[in-house]
Amino acid sequence: MNSLIDKYNIPGPRYTSYPTVPFWDDASFSSDLWQQSVLKTFNETNDSEGISVYIHLPFCEQLCTFCACHKRITKQHSVETPYLESVLKEWDLYVKLFGRTPKIKELHLGGGTPTFFSPDNLRILLEGIFSKAEIADKPQFSFEGHPNNTTREHLQTLYDLGFRRASFGVQDYDPKVQKAINRIQPFENVKNVTEMAREIGYEGVSHDLVFGLPFHTWEKMEFTIRKTLELKPDRLAFYSYAHVPWIKGVGQRGFDENDLPSGEEKRKLYTNGKKLLEELGYIEVGMDHFALPHDDLYQSMVSGDIHRNFMGYSSSKTKLMVGLGMSAISDSWYSFAQSNKSVEEYQKLVEQGIIPVVKGHVLNEEDLIIRQHILNLMCRLETSWDLQTSFPEIENALESLKEMEADGLVEISDNSIKITDKGRAFTRNVAMTFDLRMMRNKPETRIFSMTI
């Protein structure tokens, strides 16, 4: 395994989209093209499957130095109302574009820290969204909560509005690791919010764990996993720490790179962690995720309905995902778009009645084919093709995969590929062999985190 780590531990995307953001063709993108694409997908799918809505709530009271998300650090809660007013105005612009009532199937509050906002303000936001929408049958509403500031009132307010899944960022319980990443978070805080969510009636509670953080050893990781299992969350995200300190504003300078575990040590954290989680009843789902058998994410994997987009893995699929808020990314299936990354510029554009997308990509026919292959690999660990209708460089991709086949990472037949259990840890590497945009435009500098 060590030789495989040395061989395959290279920079690579996490594939919440294809093409990935650095390879978007922004030059041929425009707001008009984006709006045409949104309307096309809305008219095709709103009645049958509905739409997804992602709301980016970017504020945090302090900077966690492992975080690569777009956020604004402030303790001034006066920012809440004007920001939410802008989000509702942006939603109005989309509803006007639709020309009829949207049907919301899935909604997620992400951040930043959504529970930075008061329960009353979250209620005002969501009632404003729902007042101009229809709710689909069996909707999937979820939010990310910080265990240090999520109150019973937060949980009850969101539950009353239809939320049934809560995700809490744990990361790690070791005091030395917590200090290094500036995330001091006692186990009791996580225990309290988890138990409150269940008392209120939430059907699913998820915890996020991160391996490969500064000072991580297997002993520290095992301690965190066993503490987590005392609470038995329905679902776990078990992420590899993405060290990308060169990206502006990520704040990953709270520790020295020498404090990070090596690729070999990091892979040990994953393999040992996976083994322990499976011994404790969890089943690996896609990449980076584990679930108990009753959880709907596992059930969607069994049924083949599992989906992956900018919100991560989902047990339901909609082709149209509208991202609201600063830096939010939207997906119409045929196009991607991202909003302005500055809170002030985002609000200024919305005030002018402009849908605030500033970059994006319109997928061509080849992109759509490859997107489906990569989505199949990320969700179901396999894909198949018809050589007559596949993309031009399929033979090159297969040639690259032969070496992975020799290493026992994939199984290849005449028109399909399947990732083996041994190869699951290298799923990103397998997907990269299909990534024509990256092959044709190899970056001169490092833009992705390491795959391991």
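The model shown is predicted, which means the values in this text are computed figures rather than measured ones. (Residues numbered from 1 in each chain as written. Predicted model: local features only at pLDDT ≥ 70, side-chain atom pairs only at ≥ 80, totals over all residues. Heavy atoms only, no water.)

1. Thoughts on the sheet that holds strand β18 (residues 410-412)
Strand pairing in a sheet relies on backbone hydrogen bonds, with the paired strands running either antiparallel or parallel. In plain terms, the rule: A pair of strands is considered paired only if DSSP assigns at least 2 bridges between the two. Helix and strand definitions follow DSSP, with helices as H or I runs of at least four residues and strands as E runs of at least two, each counted in order from the N terminus. Only C-alpha atoms enter the line fits that serve as axes; for helices the fit covers just the stretch in contact. Angles between N-to-C directions range over 0 to 180 degrees. Note on contacts: a residue pair is in contact if any heavy atoms of the two residues lie within 4.5 Å.
Spatially, β17-β19-β18 is the arrangement adopted by the 3 strands of the open sheet, whose pairing is antiparallel. Where the open sheet ends on each side, the last strands, each with one partner, are β17 (382-384) and β18. Across the sheet, the mean angle from the axis of one strand to that of its neighbour is 10°, orientation sign disregarded. The sheet contacts of helix α12 (residues 365-380) involve β17 and β19 (416-419), and relative to β17 the element is tilted by about 150°.

2. Some points on the nonpolar core
Note the cut-off: The definition of a nonpolar core used throughout is a set of buried Ala, Val, Leu, Ile, Met, Phe, Trp, Tyr and Cys residues joined through side-chain atoms within 4.5 Å. Whether a residue is buried, partly exposed or exposed follows from its accessible area with a 1.4 Å probe, protein chains only, as a fraction of its type maximum: under 20%, in between, or over 50%, in that order.
If you look at the biggest cluster of nonpolar residues, it comprises 55 residues, and the most contacted ones within it are Ile 225, Phe 238, Leu 277, Ile 374, Ile 417, Val 430 and Phe 434. Residues in contact with Ile 225, not counting those within four places in the same chain, are Leu 209, Trp 218, Phe 238, Gly 273, Leu 276 and Leu 277. Listed in part, the 54 residues of the second largest apolar core include Phe 143, Phe 163, Ala 197 and Val 350.

3. Re the pattern of salt bridges
How we decide: By definition here, a salt bridge exists when the distance from a side-chain nitrogen of Lys or Arg to a carboxyl oxygen of Asp or Glu is within 4 Å.
Inspection of every chain in the model, using the stated rule, returns 24 salt bridges. Between Glu 199 and Arg 152 there is a salt bridge whose closest N-O contact spans 2.7 Å. Here Glu 199, found in helix α7 (residues 187-200), pairs with Arg 152, found in helix α5 (residues 152-160); they are 47 residues apart in sequence, far enough to count as distant. Between Asp 296 and Arg 235 there is a salt bridge, and its shortest N-O distance comes to 2.7 Å. Placement of the pair is Asp 296 in helix α10 (residues 296-303) and Arg 235 in strand β8 (residues 235-240), with a sequence separation of 61 residues.

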